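# Breakdown of the fold
Residues per chain, in single letters:
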There are 2 protein chains.
Amino acid sequence: MYLAKVFITLKPSVNDPQGLTIMGGLKSLGFDTVNSVRAGKYMEVRLQEESENAASAKVEEMCSKLLANPIVEDYSFELEKAD
Amino acid sequence: MYLAKVFITLKPSVNDPQGLTIMGGLKSLGFDTVNSVRAGKYMEVRLQEESENAASAKVEEMCSKLLANPIVEDYSFELEKAD
């Protein structure tokens, strides 16, 4: 069993109103050293595969087909062995 | 300037309908080795602080006050030096 930690972020050129709103909230709470906030998604996917290579190929395919929107989002992931 | 990568996940005991829906989507696309999916949030916060300790304390405070809901969510973060 492998655990994939998947990080999905908006591409740098894409506007991020959610991030701007969070930054506004932080500033109004007094966190005035904040320069920018970018909001994204995080997913933990557990999958039953024989090898790390097989798991990595599957997760790559999941990201490009469903988890991320490759038009406006970038993704990356880390794999680790899980019980 | 420091970059904080913040990961927010639902606590293990909290139901995650979004994760279940994503798992259903993956299975219907033929990814039948998936065992579970947990959905969470990911944020990149850039902040201007003098030291890593100061930055870490600020990010910890941001997470507990605004970014995460400590009743139902866990959070963790990584700090790195940024330009």
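Overview of the structure. Predicted model, so just to flag it, every value in this text is computed and none were measured.

Right, let's get into the pattern of salt bridges. Residue and element names in this part refer to chain A. Scanning the entire structure with this criterion turns up six salt bridges over all chains. Glu-73 is the salt-bridge partner of Lys-41, the closest N and O atoms lying 3.4 Å from each other. Placement of Lys-41 in strand E2 (residues 34-47) and of Glu-73 in strand E3 (residues 73-81) is noted, with a sequence separation of 32 residues between them. Glu-73 gets classed as buried once you look at its relative accessible area, which sits at 13%.

Further remarks concern the relation of the copies chain B and chain A. Turning chain B through 180° and shifting it by 0.0 Å along the axis lays it on chain A, with an RMSD of 0.0 Å. On this basis, the relationship between the two copies can be described by a two-fold rotation axis. By C-alpha distance to the rotation axis, the residue of chain B lying nearest is B:Lys41, at 2.2 Å. An overlap of 100% is found between the interface residues of chain B and their copies at the interface of chain A, pointing to a shared contact surface.

On to the sheet that holds strand E2 (residues 34-47) of chain B. Read across the sheet, six strands follow the order E3(A)-E1(A)-E2(A)-E2(B)-E1(B)-E3(B) without closing on themselves; strand pairing throughout is antiparallel. In the strand order of this sheet, the two ends are held by E3 of chain A together with strand E3 (73-81) of chain B, each with one partner. The mean inter-strand angle of the sheet, taken between neighbouring strand axes irrespective of direction, is 20°. Inspection of the sheet shows E2(A) paired to E2(B) by 13 bridges, in the antiparallel sense. What sits directly across from A:Lys41, in E2(B), is B:Lys41. Where helix H1 (residues 17-28) of chain A meets the sheet, it contacts E2 of chain A together with E2 of chain B, and its direction lies at approximately 120° from that of E2(A).

Turning our eyes to something else, we now look at the pairing of E2(A). The two faces of the sheet receive side chains in turn, since in a regular strand these alternate between them. As paired strands, strand E1 (residues 2-10) of chain A and E2(A) are joined by eight bridges and run antiparallel to one another. Looking at E2(A), one finds that A:Leu3 is bridged to A:Arg46.

As a further point, take the packing of aromatic side chains. Enumeration according to the criterion identifies five aromatic pairs over all chains in this entry. Consider the rings of A:Tyr42 and B:Phe7, whose centres lie 5.5 Å apart with planes at 50°: the pair is tilted. Remark: B:Phe7 occurs in strand E1 (residues 2-10) and A:Tyr42 occurs in strand E2; the pair is interchain, linking two chains. This pair shows no difference in class: A:Tyr42 is buried, exactly as B:Phe7 is. For B:Phe7, a relative accessible area of 11% translates into the label buried. An aromatic cluster is defined as three or more aromatic residues linked by ring pairs; in this entry it consists of A:Phe7, A:Tyr42, B:Phe7 and B:Tyr42.

With that out of the way, let us pick up the packing of H1(A) against helix H2 (residues 52-67) of chain B. Where H1(A) meets H2(B), the axes come as close as 11 Å, and the angle between the chain directions of the two elements is 105°. Relative to H2(B), H1(A) is oriented roughly perpendicular. Counted together, A:Ile22, A:Gly25 and A:Leu26 of H1(A) and B:Met62, B:Leu66 and B:Leu67 of H2(B) form the full contact between these two elements. When its residues are assigned to classes, the contact of H1(A) with H2(B) shows five nonpolar, one polar and no charged.

Moving on to helix H1 (residues 17-28) of chain B. Here H1(B) spans 16 Å end to end across 12 residues, near enough to the 16 Å set by a 1.5 Å rise per residue. Taken together, the buried positions of H1(B) are occupied by B:Gly19, B:Ile22, B:Met23, B:Gly25 and B:Leu26. Viewed along the axis of H1(B), the buried residues span an arc of 160°, placing them on a single side of the element. Among the exposed residues of H1(B), those pointing more than 90 degrees away from its buried face are B:Pro17, B:Leu20, B:Thr21 and B:Ser28. Check the buried side of H1(B) and you find it contacts E2 and helix H2 (52-67) of chain A together with E2 of chain B.

What counts as what
- Residues numbered from 1 in each chain as written.
- Chains lettered and ligands numbered in written order.
- Predicted model: local features only at pLDDT ≥ 70, side-chain atom pairs only at ≥ 80, totals over all residues.
- Heavy atoms only, no water.
- Salt bridge = Lys/Arg side-chain N within 4 Å of Asp/Glu carboxyl O.
- Helix = DSSP H or I, 4+ residues; strand = E, 2+ residues; numbered from the N terminus.
- Buried < 20%, exposed > 50% of the residue type's maximum accessible area, 1.4 Å probe, protein only.
- Least-squares fit on C-alpha atoms with pLDDT ≥ 70 in both.
- Contact = heavy atoms within 4.5 Å.
- Pairing = 2+ DSSP bridges.
- Axes fitted to C-alpha atoms, helices over the stretch in contact; angles between N-to-C directions.
- Phe/Tyr/Trp six-rings, centres within 6.5 Å; stacked < 30°, edge-to-face > 60°.
- Parallel < 35°, antiparallel > 145°, perpendicular 65-115°, else oblique.
- Nonpolar A, V, L, I, M, F, W, Y, C, P; charged D, E, K, R; others polar.
- Expected span 1.5 Å × (residues − 1).
- Arc of directions from axis to C-beta.

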